[in-house]
Amino acid sequence: MATLSLKNISKIYDSGNLAVEDFNIEIADGEFIVIVGPSGCGKSTTLRMIAGLESISGGTFKIGDRDVTHVAAKDRDIAMVFQNYALYGNMTVYQNMGFSLILKKVDPEIIHKKVMAAAKMLGLTQQLNKKPKALSGGQRQRVAMGRAIVRSPKVFLFDEPLSNLDAKLRTSMRREVKLLHQKLGTTMIYVTHDQSEALTLADRIVVMSMGHVQQIGTPLEIYSDPNNMFVADFIGTPPMNFFIGQVKGDSFITESFEHKLNAETLDLLHDYVDSGKDVILGIRPENIRFGSEVHMRVDLVENLGPTSLLHGTISGQNVIAKVKGWQEIPSGEDRTFDFDLKSACFFTVGDIKEHSYRIRKKEN
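Each chain has its residues counted from 1, following the order in which its sequence is written. Owing to the predicted nature of the model, reporting of local features is limited to residues with pLDDT of at least 70; listing and counting of side-chain atom pairs is limited to 80 or more, with chain, interface and lining totals taken over all residues. Side-chain descriptors were evaluated using all non-hydrogen atoms of the structure, hydrogens and water having been removed beforehand.

(A) Region of the structure containing the packing of helix α2 (residues 93-103) against helix α3 (residues 108-122). Orientation is described by axes fitted as lines to C-alpha atoms, over the contacting stretch for helices, and by angles from 0 to 180 degrees between their N-to-C directions. Only runs of H or I of at least four residues qualify as helices and only runs of E of at least two qualify as strands under DSSP, and these elements are numbered from the N terminus. In contact at an axis separation of 10 Å, α2 and α3 are set at 135° when each is read in the N-to-C sense. The orientation of α2 with respect to α3, classified from their angle, is oblique. Where α2 crosses over α3, the two elements pack in a sense that is right-handed. Of the residues in α3, those touching α2 at Y94, M97, G98, L101 and I102 are I111, H112, K114, V115, M116, A118 and A119. Among the residues forming the contact of α2 with α3, the class breakdown is 9 nonpolar, 2 polar and 1 charged. For this classification, under 35 degrees means roughly parallel, over 145 means roughly antiparallel, 65 to 115 means roughly perpendicular, and everything else is oblique. If you view the pair so one helix is near and one far, a crossing is left-handed when the near helix is turned anticlockwise from the far one by less than a right angle, and right-handed when it is turned clockwise. In this analysis, two residues are considered to be in contact whenever any of their non-hydrogen atoms come within 4.5 Å of each other. Throughout this entry, Asp, Glu, Lys and Arg are counted as charged residues, while Ala, Val, Leu, Ile, Met, Phe, Trp, Tyr, Cys and Pro are counted as nonpolar. The remaining residues, Gly among them, count as polar.

(B) Representation of unusual backbone geometry in the model. Cis geometry is found at the peptide bond from T237 to P238, where omega equals -5°. Within the secondary structure layout, P238 lies in the loop between α8 (229-234) and β11 (241-248). Even without glycine at this site, D77 takes up a positive phi of about 60°. For every residue, the accessible area obtained with a 1.4 Å probe (protein chains only) is divided by the maximum for its type, and the residue is called buried under 20%, exposed over 50%, and partly exposed between those limits. Assessed through its relative accessible area of 31%, D77 is described here as partly exposed. The backbone phi angle of S152 is positive, close to 50°, even though this residue is not glycine. In this structure, S152 sits in the loop between α4 (137-149) and β7 (155-159).

(C) Spatial organisation of empty space enclosed by the protein. Residues are said to line a cavity or pocket when one of their atoms sits within 4 Å of a point; the points come from a 1 Å grid over protein atoms alone, cavities being sets where a 1.4 Å probe fits but cannot get out and pockets being open sets with protein on both sides within 12 Å along at least five of seven lines. Grid points are joined across faces, edges and corners, and a volume is the space filled by probe spheres set on the points. Counted under the stated rule, the structure contains 1 cavity of 30 Å³ or more. What the largest cavity holds in volume is close to 30 Å³. As for the largest cavity, its lining consists of I63, R66, R76, D77 and K154. Taken together, the residues of the lining of the largest cavity sort by class into 1 nonpolar, no polar and 4 charged.

(D) Broad picture of the sheet that holds strand β15 (residues 288-303). Sheet architecture is open: 4 strands sit in the order β17-β16-β15-β18, paired in antiparallel fashion. In the strand order of this sheet, the two ends are held by β17 (317-324) and β18 (333-339), each with one partner. Taking each pair of neighbouring strands and ignoring which way they run, the sheet shows an average axis angle of 50°. In this description, strands pair whenever DSSP reports at least two bridges between them. Here β15 pairs with strand β16 (residues 307-314) via 6 bridges, running antiparallel. When the sheet's bridge partners are listed, V301 is paired in β16 with L310.

(E) Examining the packing of aromatic side chains more closely. For Phe, Tyr and Trp, where Trp contributes only its six-membered ring, two rings pair if their centres lie within 6.5 Å, and the inter-plane angle classes them as stacked under 30 degrees, edge-to-face over 60, or tilted in between. Taken as a whole and judged by the stated rule, the model has 12 aromatic pairs. Between Y88 and F99, the aromatic rings sit 5.0 Å apart at their centres with planes inclined by 65°, giving edge-to-face as the arrangement. Note that Y88 is positioned in the loop between β6 (78-81) and α2 and F99 in helix α2, a separation of 11 residues in sequence. Taking the centre distance of 5.7 Å and the plane angle of 35° together, the rings of F158 and Y190 count as tilted. Taken as a pair, F158 in strand β7 and Y190 in strand β8 (residues 187-192) lie far apart in primary sequence, 32 residues in all. Judged on exposure class, the residue F158 and its partner Y190 are both buried. Ring pairs connect the aromatic residues F243, F252, F257, F339 and F346, which therefore count as one cluster. One Lys or Arg, K178, reaches over the ring of F32 and ends 5.8 Å from the middle of that ring. Two thresholds decide whether a charge sits over a ring: the Lys NZ or Arg CZ must be within 6 Å of the ring centre and within 35 degrees of the ring normal.

(F) Fine view of the domain arrangement of the protein chain. By domain assignment, the protein chain separates into domain 1 (4-233) and domain 2 (234-355). Taking only C-alpha atoms into account, the centre of domain 1 sits 37 Å from that of domain 2. Taken together, the contact pairs 21 residues of domain 1 with 15 residues of domain 2. Put simply, buried area is the surface a 1.4 Å probe can reach on two separate parts but cannot reach once they are joined, added for both. Approximately 1,800 Å² of surface area, both sides summed, lies buried where domain 1 meets domain 2, with 63% of it carried by carbon and sulfur atoms. Broken down residue by residue, the surface that domain 1 buries against domain 2 is led by Y223, M229 and D233, which jointly contribute 43%. In the sections that follow, a salt bridge refers to a side-chain nitrogen of Lys or Arg positioned within 4 Å of a carboxyl oxygen of Asp or Glu. Linking domain 1 to domain 2 there are 1 salt bridge. For the side of domain 1 that touches domain 2, the elements supplying multiple residues, two or more each, are α6 (195-201), β9 (204-209), α7 (219-224) and α8. Considering each element in turn, the side of domain 1 that touches domain 2 owes the most residues, 5 residues, to α8. For the side of domain 1 that touches domain 2, the per-class residue count stands at 12 nonpolar, 8 polar and 1 charged. Residue ranges assigned to the domains are those given by an automatic or database domain assignment.

(G) Examining helix α5 (residues 167-184) more closely. Taking 1.5 Å as the rise per residue, α5 with 18 residues should run 26 Å; its terminal C-alpha atoms sit 26 Å apart, in good agreement. Where α5 is concerned, the buried positions are S172, M173, R174, V177, L180 and H181. Considering only its buried residues, α5 is in contact with β3 (32-36), α3, α4, β8 and α6. A positive phi of about 65° marks G185, the residue just after α5. Here a helix's expected span is defined as the number of its residues, less one, multiplied by 1.5 Å.

The structure is reproduced here in structure tokens:
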């Protein structure tokens, strides 16, 4: 069990490529942290620096009170579960799980107790004499997790462990990882590009893009209160809808539509009213409902049982609405909607999504 402190961590390769810059986080003992972002954002590099598999170019990394910035991987008391399982094909499940302890010359009786306890926890007791090639993908991943568990490390690291599994098995394994954390109570850091995994697993989420942390917060904070357009767009399925326009009088006006603003929203956008400045409205699909303000042509309906996704266009701009119930709307028909502005986000206009920042109410 351990707290982790990463201050101003950076990674610059010999080529001069800056992979990670100014990464900062304090991780509580037993916390489950998920680092999420698109390919190439620096999340796996950050995890490998924590593991000691990549050198840290700048900053300080502590486990508890111990500075391990330049300590070798084998001396950090960290266990890592890889995407490709990294199992020994010539060994049984039992041998794979106990191998690290065998190398340390731990008493065979202790090894047996640890392996059997981990196997029971992971549902592998019937597979212990099998070799990896006889196992399913999910079973192999559980063996990799079991190998980490028997070491009783201070920190578990997961590097996209479920990405090689099919969708149904990913959902099942995601539940197993969450249950494992609840049983062990050990500090865990999990890297993924799948925002659904991040939202369902994490105590806190770290959203990264282009080597920088864009936001750190609970799943609810990240989803409902994004710092910028990148976070708002990356987190959430389907993604947030965005409209650029101006505030004129008591309305938000675009080339496509006009929507009246309530007093609270007008107060938030006080500096933009009749200023001629553009502002971006972000609205999640579930916050678009049937109403009277905005006309949308519905092109496609995805009925999901209790809800339906309506894919359409507002004056040529693609929009997705998520509404209650089973909807039978012929393709090409118009429907009228309202936006729930209490749940909407407004952003400044930046050159890229990372630079389009959330407009927040000014503190008095």
